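In case you want the letters, here they are:
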Amino acid sequence: MKIDTFDPAALSAAFGIDMSTIDLPGVAGPGAGWGRVAPGRRSDAHQHDETETFVIVSGTGEVVVDGARHPVAPGTVVTFDPFEAHVLDNTGDEDVVFVTCYWRDPRHAAQVATRTGRRRFDERPVFVFSTPPTPNGDLHLGHLSGPYLGADAFVRFQRMNGVRAWHLTGSDDYQSYVVARAEQDRSTPGRVAAQYSAEIARTLELMDIRPDQYTATSTDPEYREGLRDFFAALEASGKVARHDLPALFDQETGQYLYEVDVSGTCPSCAAATSGNICEECGEPNLVADLVDARSRATGPVRTGSQERFALPLHEFREAVAAHHRLGRVPARLRELAERVFARETFDLPMSHPSQWGVAPRGADGQVIWVWPEMSYGFLHGISRLGARIDESWHADKPEQDWKIVHFFGYDNSFYHAILYPVLYRLAFPDWEPDIDYHVNEFYLLDNQKFSTSRRHAVWGKEILAPETVDAVRFYLSRTRAEGERTNFERDAYTAAVREVLIDGWQGWLDDLGRRLASRYGGIVPDAGVWTPEHTAFYARLGARLAAVTAHLGQDGFSLRAATAELEGLVTDARAFAAREEVLADASGWQSENRTAMALELAAARLLARVAAPVMPRFAARLAALLGEDDEGGPAWPSTVTLVPAGTRADLTGQVFFAAEPTASDAPGATGPAGAEDPLPWLADLIRSTLGLPADAAVADKTLKELGASSLQAVAVQYQILERLDLDIPIPELLAERNVAALSQALAQEVAK
């Protein structure tokens, strides 16, 4: 018999608590140890490949697993699956003492790692954010390829797996870049924000990206006061306070300089940069530390000081590291945090002198800096979404069970992955946000950065139309800047659509349809005798399904890798068809030939399912042609299945793809506006914006009854404002009048 007893003197620091090893010489079995968590302490969040069991010996507390909290007391036994992020939190007034046993089971670990609902994605609400775009211009392909396409495909996949996931974004109206655009256009920041917010909403619609919540921050009726409450909570923490800090000013005009109004050399990497953040290295600057700084207006600058609210960010290194252990945080972001926290001190301004923005209470002349503001904006978006779908979610009471997922460009990494966790900790000390981060690099155009000012861009509205949207989504996914900068070239795009999609995918489906029609009358045959080659192809399809599932999942999300698997699936199917074709007309092999045809159609059916997050229109149409009934939305396949025998499938002559929009489908083409009854124009606008059929009846319904989202309502609102110079409030536009009544009211207003 071997005996080991708990010895406090043998404990040493590990995982943020006290641990010791249970060592029984000559005894084979799992690893084991003693652990102690002092009152008010908790273990570091961590996960590993072993299965682990805790036996609580004394004390009370809570085990936290992927956001879910469970009480523990003496006699409680808890087993953790591999890769479950877990924490033991002592909530009592005496030590929690426990025994841990752990062992490796590679088969079980592999099963856990490939579960689609891993990390409780299938048990809790999942809020997926694409960084709110700045409404100082429309969206180009560089924008679309990053956060917006990524978040859209992510949410589509999660929903196909039964997850309650929502896509949230909006327009980041209070950016200084909106002020700069207003000066350039001789307009006002409010009008510029409204104009481009609507343009952005329309472009997202053209891209088949329909966020569930679209918040325009400058016009949302509850946003300003909610933001002030959030900032007041930051002040109440004692960490965000007024300080006189170094600042830069225009030497000639005396204007305070930040962001777009100043440029220079990054003090960290020596790259050219604007104020406050460096797009190259991702590190923030304090403006006053820029090298060779220049004012956008006149050039020369002077150094002075300016009182602002500031946060001593350098004090939160360990808090950020602990946050980064909870969710999906790429190494690139953790490395950025290491560089930022290498600074001895870092007092980050949280407000700036400006007239455009939301002033903290009692601080006229200053506005809350728009980047800290965004941290509240995400919570506000959840609250607004909840109110609309009858969920009790509140921005001032974030819930531990919320799962938040962020999609953003690398130049926004500091704010999302470093600053915001600190602000949440200060405003809501009892909330430990569980956040995943998905970051993309710059997407280049002809090997140069997209640039509005240099007119070096391909705008979404130039290239997007119903017949091109799947091709655009496919190519942007195929070349998405994941882990490295990638490049868009118009000729390469056109060639890929022609060679891969039209000649490749469409050509294969057309040929498959012709063979099905000529040999089986267009009716799907039942599989007959299988050969080893058939079995191998079936297994190959299963491997493709597993790979696409992994590449679209929450742990290893990669649109580039997923799209490569889609291409590989079609390549496999075409090669299989070519090999089997040599026996197509041979006598005596009819049963095997039926199996080959059934398997090729199974490949088409699989493509219709797994392409849905990337190319939703193509996928839905192909599924319908194969007899699929997707009422309620398509489901993600768990296995490769044959098309039911007896199904009629007409794939011959179908046109799925085009590289360029036709003239008649040019986005934004509408009839003239004037004093005449605008109903025909308004009805067409609403059908187009909501993605309704051209002949859909809309006159007797409100926008809300037609299923319009907040984003779609904003797009309609702006088009009315632009064409008729009439500003219709969103509540009135959505629900107070049907389309016919709205049309009559507009006509009356125009006639005045």
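Preceding block: the structure.
Being a predicted model, the structure only gives us computed values, none of them experimental. (Residues numbered from 1 in each chain as written. Predicted model: local features only at pLDDT ≥ 70, side-chain atom pairs only at ≥ 80, totals over all residues. Heavy atoms only, no water.)

(A) How the structure looks around the side chain of S145. Among the structural elements, S145 can be located in helix α2 (residues 141–160). You can call S145 buried: its relative accessible area is 3%. At 3.2 Å, the side chain of S145 forms a polar contact with the backbone oxygen of G142. Discounting chain neighbours no more than four positions away, the residues touching S145 are Y443, L476 and R480. (Helix = DSSP H or I, 4+ residues; strand = E, 2+ residues; numbered from the N terminus. Buried < 20%, exposed > 50% of the residue type's maximum accessible area, 1.4 Å probe, protein only. Polar contact = N/O pair within 3.5 Å; in protein donor to acceptor, adjacent residues only side chain to side chain. Contact = heavy atoms within 4.5 Å.)

(B) Spatial organisation of the packing of aromatic side chains. Tallied over the entire structure, the rule returns 42 aromatic pairs. Plain terms: the ring middles of Y443 and F450 are 6.3 Å apart, the flat faces sit at 15° to each other, and that makes the pair stacked. The burial state of Y443 is the same as that of F450; both residues are buried. Taken together, F127, W166, Y223, F230, Y376, W393, W402, Y424, F428 and W431 form an aromatic cluster joined through their ring pairs. One residue, R332, lies across the ring of Y410, its end atom 3.6 Å from the ring centre. (Phe/Tyr/Trp six-rings, centres within 6.5 Å; stacked < 30°, edge-to-face > 60°. Lys NZ or Arg CZ within 6 Å of the ring centre and 35° of its normal.)

(C) Structural detail: the pattern of salt bridges. One pass over the structure, following the stated rule, counts 58 salt bridges. Between R69 and E62 there is a salt bridge whose closest N-O contact spans 2.6 Å. For R69, a relative accessible area of 32% translates into the label partly exposed. Judged by relative accessible area, E62 falls into the partly exposed class, the value being 22%. The closest approach of N and O atoms between R119 and D555, which form a salt bridge, is 2.9 Å. Here D555 lies in the loop between α13 (532–552) and α14 (559–581) and R119 lies in the loop between α1 (106–113) and β10 (126–130), a separation of 436 residues in the sequence. Shared partners join several salt bridges into a network, and the residues in it are R118, R119, R124, K403, D434, D436 and D555. (Salt bridge = Lys/Arg side-chain N within 4 Å of Asp/Glu carboxyl O.)

(D) Structural context of the nonpolar core. In terms of nonpolar packing, the biggest core is built from 99 residues, with F488, W505, L607 and F618 touching the most fellow members. In this view, F618 contacts D470, W505, L509, L607, A611, F656 and F657; residues no more than four positions away in its chain are not counted. Residues F127, L313, F346 and V422 belong to the second largest nonpolar core, which totals 76 residues. (Core = buried A, V, L, I, M, F, W, Y, C linked by side-chain atoms within 4.5 Å.)

(E) Geometry of the sheet that holds strand β23 (residues 443–445). Strand order in this open sheet of three strands is β24-β23-β25, and the pairing throughout is mixed. Two strands lie at the open edges of the sheet, namely β24 (448–449) and β25 (486–488), each paired on one side alone. Pairing geometry for β23 and β25, over three bridges, is parallel. From the neighbouring strand, Y443 faces β25, where its bridge partner is T486. (Pairing = 2+ DSSP bridges.)

(F) Focus on helix α11 (residues 469–478). In terms of burial, α11 is a largely internal element, nine of the 10 residues being buried. By the burial criterion, the buried members of α11 are V469, D470, A471, V472, R473, F474, Y475, L476 and S477.

(G) Geometry of the environment of P106. Assignment of secondary structure puts P106 in helix α1. For the pair P106 and E50, spaced 56 residues apart in the sequence, the C-alpha separation amounts to 8.5 Å.

(H) Looking closely at helix α9 (residues 413–427). With 15 residues, α9 ought to run about 21 Å at 1.5 Å a step, and its terminal C-alpha atoms sit 21 Å apart, in line with that. A bend of about 40° at L419 is the largest found in α9, and the proline P421 appears one to four places after it. The element α9 is extensively covered by neighbouring structure, given that 14 of its 15 residues are classed as buried. (Expected span 1.5 Å × (residues − 1). Bend = angle between axes of the 7 residues up to and from the residue.)

(I) How the structure looks around the packing of helix α5 (residues 223–236) against helix α8 (residues 370–388). Two numbers describe how α5 lies on α8: the axes approach to 10 Å, and their chain directions differ by 120°. In this structure, α5 crosses over α8, and the sense of that crossing is right-handed. Of the residues in α8, those touching α5 at Y223, G226, L227 and F230 are P372, E373, S375, Y376, G377 and H380. Among the residues making up the contact of α5 with α8, the classes are represented as five nonpolar, four polar and one charged. (Axes fitted to C-alpha atoms, helices over the stretch in contact; angles between N-to-C directions. Left-handed = near helix turned anticlockwise from the far one by under 90°. Nonpolar A, V, L, I, M, F, W, Y, C, P; charged D, E, K, R; others polar.)

(J) Seen up close, the sheet that holds strand β17 (residues 301–312). The antiparallel open sheet is built from three strands, whose spatial order is β13-β17-β18. The outermost strands of the open sheet, each flanked by one partner alone, are β13 (241–250) and β18 (347–349). For this sheet, the mean angle separating the axes of adjacent strands, direction not counted, is 55°. Relative to β17, β13 runs antiparallel, the two being bridged by 10 bridges. Residue pairing for β17: A241 is matched across the bridge by A310. Sheet strands in contact with α9 are β17 and β18, and its direction is about 50° off that of β17.

(K) The pairing of strand β21 (residues 403–409), seen in detail. With respect to burial, β21 is a largely interior element, seven of its seven residues being buried. Residue alternation in β21 divides its side chains into two sets, K403, V405, F407 and G409 and I404, H406 and F408, and both sets are buried. With five bridges joining them, β10 and β21 adopt parallel strand pairing. Bridge pairing in β21 places F129 opposite H406. Once the chain exits β21 it traverses α9 before rejoining the sheet at strand β22 (residues 434–440), and the crossover so formed is right-handed. (Right-handed = clockwise from strand over helix to strand, strands pointing away.)

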